[in-house]
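# An overview of the molecular structure
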Amino acid sequence: MHRIRTTVVRLRPIAAPQTAKSQSQARLATVGGALRTFQPMRSYTASVSAEPFLNGTSSNYVEEMYYAWLENPRSVHKSWDIFFRNANAGAPPGAAYQSPPRLGGAALGLANAQAMVGVQPNVEKLVEDHLAVQSLVRAYQIRGHHVAQLDPLGIMAAIDPGPPPSDIITSNDKLEFYGLDESDLDKVFRLPTTTFIGGSESTLPLREIIQRLEMAYCQSIGVEFMFINDLEQCQWIRQKFERPGIMQFTLEEKRTLLARMVRSTRFEEFLQRKWSSEKRFGLEGCESLIPALKTIIDKSSMNGVESIIMGMPHRGRLNVLANVIRKELDQIFCQFDSKLEAADEGSGDVKYHLGMWHRRINRVTDRNITLSLMANPSHLEAVDPVVQGKTKAEQFYCGDTEGNRVMSILLHGDAAFAGQGVVYETFHLSDLPSYTTHGTIHVVVNNQIGFTTDPRVARSSSYPTDVAKVVNAPIFHVNADDPEAVMYVCNVAAEWRATFHKDVVVDLVCYRRNGHNEMDEPMFTQPLMYKQIKKQKGVLQKYAEKLIAEGAVTRQEYEEEIAKYDKICEEAHARSKDEKILHIKHWLDSPWPGFFNMDGQPKSMTSPSTGLTEEELGHIGHIASSVPVEDFTIHGGLSRILKSRAAMVGQRVCDWALGEYMAFGSLLKEGTHIRLSGQDVERGTFSHRHHVLHDQNVDKRICIPMNHIAPNQAPYTVCNSSLSEYGVLGFELGFAMASPNALVLWEAQFGDFHNTAQCIIDQFICPGQAKWVRQNGIVLLLPHGMEGMGPEHSSARPERFLQMCNEDPDAYPKFSAEEFAVRQLYDCNWIIVNCSTPANYFHVLRRQILQPFRKPLIVFTPKSLLRHPDAKSNFDDMLTGTHFQRLIPDSGPVCEKPDGVKRIVFCTGKVYYELTRERKNRGMDNTVAIARIEQLSPFPFDQVKVETDRYPNADLVWCQEEHKNQGYYDYVKPRLRTTVDRTRPVWYAGRGPAAAPATGNKAAHLVELQRFLDTAFNLDAFTGQS
Ligand SMILES: Cc1ncc(C[n+]2csc(CCOP(=O)(O)OP(=O)(O)O)c2C)c(N)n1
Ligand SMILES: [Mg+2]
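Residues numbered from 1 in each chain as written. Chains lettered and ligands numbered in written order. Predicted model: local features only at pLDDT ≥ 70, side-chain atom pairs only at ≥ 80, totals over all residues. Heavy atoms only, no water.

### A few points about the overall build of the protein
Secondary structure summary: the protein contains 34 helices and 28 strands in total. Looking at the protein residue by residue over its 1026 residues, the buried ones come to 59%. A fraction of 80% describes how many contacts in the protein between residues 6 or more apart in sequence connect residues 24 or more apart. Counting every atom, the protein has about 40,400 Å² of accessible surface; 51% of that belongs to carbon and sulfur. (Helix = DSSP H or I, 4+ residues; strand = E, 2+ residues; numbered from the N terminus. Buried < 20%, exposed > 50% of the residue type's maximum accessible area, 1.4 Å probe, protein only. Contact = heavy atoms within 4.5 Å. Areas by Shrake-Rupley, 256 points an atom, 1.4 Å probe, with all protein chains shown as cover.)

Rendered as structure tokens:
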């Protein structure tokens, strides 16, 4: 009789926990404790005579004692402590018990204990069975989803390939696992407090217990939640799925559900009829996605949500646009007309990628709701962090600190959800103070295939959704062929988010009726699956038959509903033929009301001055060098930094950090919100910034002086991010999308790390406006420079950014002199600068906000220049009337006799300081001019021309510290040639071509540097070359 009676015993953790919470919590923690390691410790084969107090009706009492002891051995009587200790140590039956010490002469020994628990013969089995039942309940809660009927195709293997767990009672012979048998089925058992299957009953017959557990956990819904380490949340989920009769719907709800299924299904059928040879990545096989989303939206609207931002891939996108966002059908249908002319810019990539923004009344709640679907590239899941950033921004701007008014929904494909790392990176933002959106509802269209690839070769986890477990998000798997179950879990998901403000996943287990797109033949690769799919009755038909059978609708009503929607589609189709012009602007996901004029153009085409008054500079400088709160102890080293800042302010000069301070502080004062995010940005990777001060004596007490600039200033957000580039840059891009009136900056720890966010740069930032008519003013700060640090940490890869500029290198722009700079900016896809002075950095940051349109700004930022004694700017260069210098000409002795200048060396960034030092050393200040191109793109053709004209006898050299196949050379050379009408050659001084960005050897680095400086100043270096 080796019994499971001792379930309690089996639950023994390796070490008894030390914390003392409530006893009931202790019990739950132990029972629900996926964190614990279970170890069989003692098989109670002891006879009653050996340990008589372990008898029958004492089970609850013993159990209580045991849990209490586990929690805190001192909370139980000494006798129990000794008993459990001995038992744990493996004492044989009868030997674990020792008489307790006598207290005050009163004997509180075995006799009393027996009296308390009431000894009865033959109750041992009862205890064991009760404990077995507890174990059984828990098994269903943990593993019920493995046997739930989730797969509409019934081929299951693709979902969860393992055998059914042995502790789930799928047949009566499994009772034996628990030491139970059929004769126990009608016995009544007390239910543990960790289950709600009893409803108002606290006891139930075993047969009923199993049946209710089956109902709760093994039908069309599989709930994965027992890994969540919060008891309240686990209990909440249990009662949502366990309470008897909880999944019941009113007649009206069923009819609405049917109507939504009709729309979803007939929409796809309509497209298939009209455009049978067009790809549309149809939803067939997962039609219940539409009611699923609508249910989430209805419920969330009911809970007070006013704005929902959605991101989704290709599958079912048109259906979502039509039936969830409610884009006019004719606007969708006309996208299938290839003759349609585009009325505005944009690459016409409408059907599967453009977004949408729509405010309407939610019919169920009668409340206003704004729905936006974000434009997205093909790159699956890339939009996830962007959606989160935009959601965060909307919450921030409407003061929604808990996500009660604005929320996001992300849709995923099963293969992409499991495969794309950005999913994980995005999940990790979900609970960070400056990044949380207070819960996202994820919906996975789990059609058990990715293009032609089976899950068994595409992922190592049981489910595609396992990644969500890292943030303790509950996962509701549901058979998408059961629309009522789908609706139920979606309701629960929305309630979960409203209650706990945390992420949740709905996994719609479905199938894909056609190939990856409608042109693909799936039988090539999944013959058996598709044989099954061909036999599969459509979900609408199944659900309609069910409702007709139960009398919820008549067949006639159902047919009328179909006819009604078909008619809507036909009429819209007729209207769509009248559409002659495609207005891509109608597909904007983030309109910026008031920023543009009525035609969507900038309100002016001038950039106001970016300078400040002396007083403003002094005031911001003062804030930057002080601690603006009382009784705040900063680190001694920081005191010195602040002192040196104060000294600089006294001398009217700025270093890099102070220049940035001036730009941020002034914009904040003028009402522009600033958000600076990235790894370690608060202090600054190079310990130069110090925007967040930490009290040395009080834990977590911080001060952000930038928020003390002026009484009505805009808020400053500066946040160290998670160690993710892809996720965080995507997030900030989304944040910048929400409003043009914020300066949003992302800083890479070192510039080269941006390449792990390449997808966001290539797919969104570089071409965003061209593809989706959507401007964005995000700023990327990329530390860059060859400083002998080796191949890593040196290059922010300027060549890549420059290569992706949309400017023609061979054509001199035909703009008037007054408008040259601003027109160039307006036409470009992004702005790329490498500033050599703090003042210029200051101006370019301010220009980013003060110019009348938005373009991404890429800034190659310095490392050693942060502290270079010459890399300082005078306040004079930042005063009112000054502005960003696209090119900084040589202002030295060369200006006096330009005709005598033999060479102009054009350069950008830090190498300027190396060049000037070398020139001085060589005494060539009169013969070689050095011009700094600060704005690389758009290229300042006009100002370069002024320089080349100024020195008619000079040869032209481009000097860079980067290798020849990297850096700026390939970009600059043709532009310089265009500027001089190809009348003069452009020579190169710099490192030779190389595979790696820099040498790892400091000495080699210096040799290389000297070599190219020699070339730059050897006036005969290029003689004879052509
Ligand atoms: C990052 C990325 N890699 C590859 C692709 C090519 N691709 C497009 S759809 C697809 C399969 C996606 O499968 P799943 O996520 O399950 O969505 P489904 O098409 O099944 O709805 C692939 C590999 C892509 N679009 N994005
Ligand atoms: Mg799939």
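Once you've had a look at it, read on.
### What about the pairing of strand 24 (residues 903–907)?
The buried fraction of strand 24 amounts to five of the five residues, a majority that puts the element mostly inside the structure. Sheet topology note: the strand 24/strand 25 (residues 928–933) ladder contains five bridges and is parallel. Across the sheet, Cys 907 pairs through a bridge with Arg 932, a residue of strand 25. Following the chain from strand 24 across helix 31 (residues 911–922) to the adjacent parallel strand 25, one finds a crossover that is right-handed. Bridge count for strand 24 against strand 27 (residues 955–963) is four bridges, and the pairing is parallel. Bridging from a neighbouring strand, Phe 906 pairs with Trp 958 of strand 27. (Pairing = 2+ DSSP bridges. Right-handed = clockwise from strand over helix to strand, strands pointing away.)

### Quick notes on the site of ligand 1
Within the structure, ligand 1 sits among 15 residues, and His 314, Arg 315, Ser 378, Asp 414 and Ala 415 are positioned closest to it. With respect to ligand 1, the backbone of Leu 380 contributes an N or O atom lying 3.2 Å from a nitrogen atom. Interatomic distance of 3.0 Å between a side-chain N/O atom of Asn 447 and an oxygen atom of ligand 1. Isolated, ligand 1 exposes 580 Å² of accessible area, and the fraction of that covered by the protein chains is 74%. The dominant element in the shell around ligand 1, judged by the number of residues it contributes, is helix 15 (residues 414–419), at three residues. Residue classes in the shell around ligand 1 are distributed as five nonpolar, eight polar and two charged. (Near = heavy atom within 4 Å. Polar contact = N/O pair within 3.5 Å; in protein donor to acceptor, adjacent residues only side chain to side chain. Nonpolar A, V, L, I, M, F, W, Y, C, P; charged D, E, K, R; others polar.)

### Some words on the sheet that holds strand 27
What the five strands build is an open sheet, ordered 23-25-24-27-28; its pairing is mixed. Both outer strands of the open sheet, strand 23 (887–888) and strand 28 (986–991), are each paired with one neighbouring strand and no more. Packed onto the sheet, helix 32 (residues 941–950) meets strand 23, strand 24, strand 25 and strand 27 and runs at close to 160° relative to strand 24. Strand contacts of helix 33 (residues 969–979): strand 24, strand 27 and strand 28, with the helix running at about 165° to strand 28, the strand carrying the most contacts. (Axes fitted to C-alpha atoms, helices over the stretch in contact; angles between N-to-C directions.)

### Observations concerning the pattern of salt bridges
Here the idea is simple: oppositely charged side chains can pair when their charged atoms come close. Applying the stated rule across the entire model yields 52 salt bridges. For Asp 184, the salt bridge identified is with Lys 187, shortest N-O distance 2.6 Å. Using a relative accessible area of 0% as the deciding quantity, one classes Asp 184 as buried. Judged by relative accessible area, which is 32%, Lys 187 ranks as partly exposed. Here Lys 945 and Asp 949 are joined by a salt bridge, their closest N and O atoms 3.1 Å apart. In this pair, Lys 945 and Asp 949 are both assigned in helix 32, four residues apart and thus about one turn of the helix distant. Residue Lys 945 is classed as partly exposed on the basis of its relative accessible area, which comes to 30%. When its relative accessible area of 46% is taken as the criterion, Asp 949 is described as partly exposed. (Salt bridge = Lys/Arg side-chain N within 4 Å of Asp/Glu carboxyl O.)

Everything listed here is a matter of coordinates, which is why it stays silent on function.
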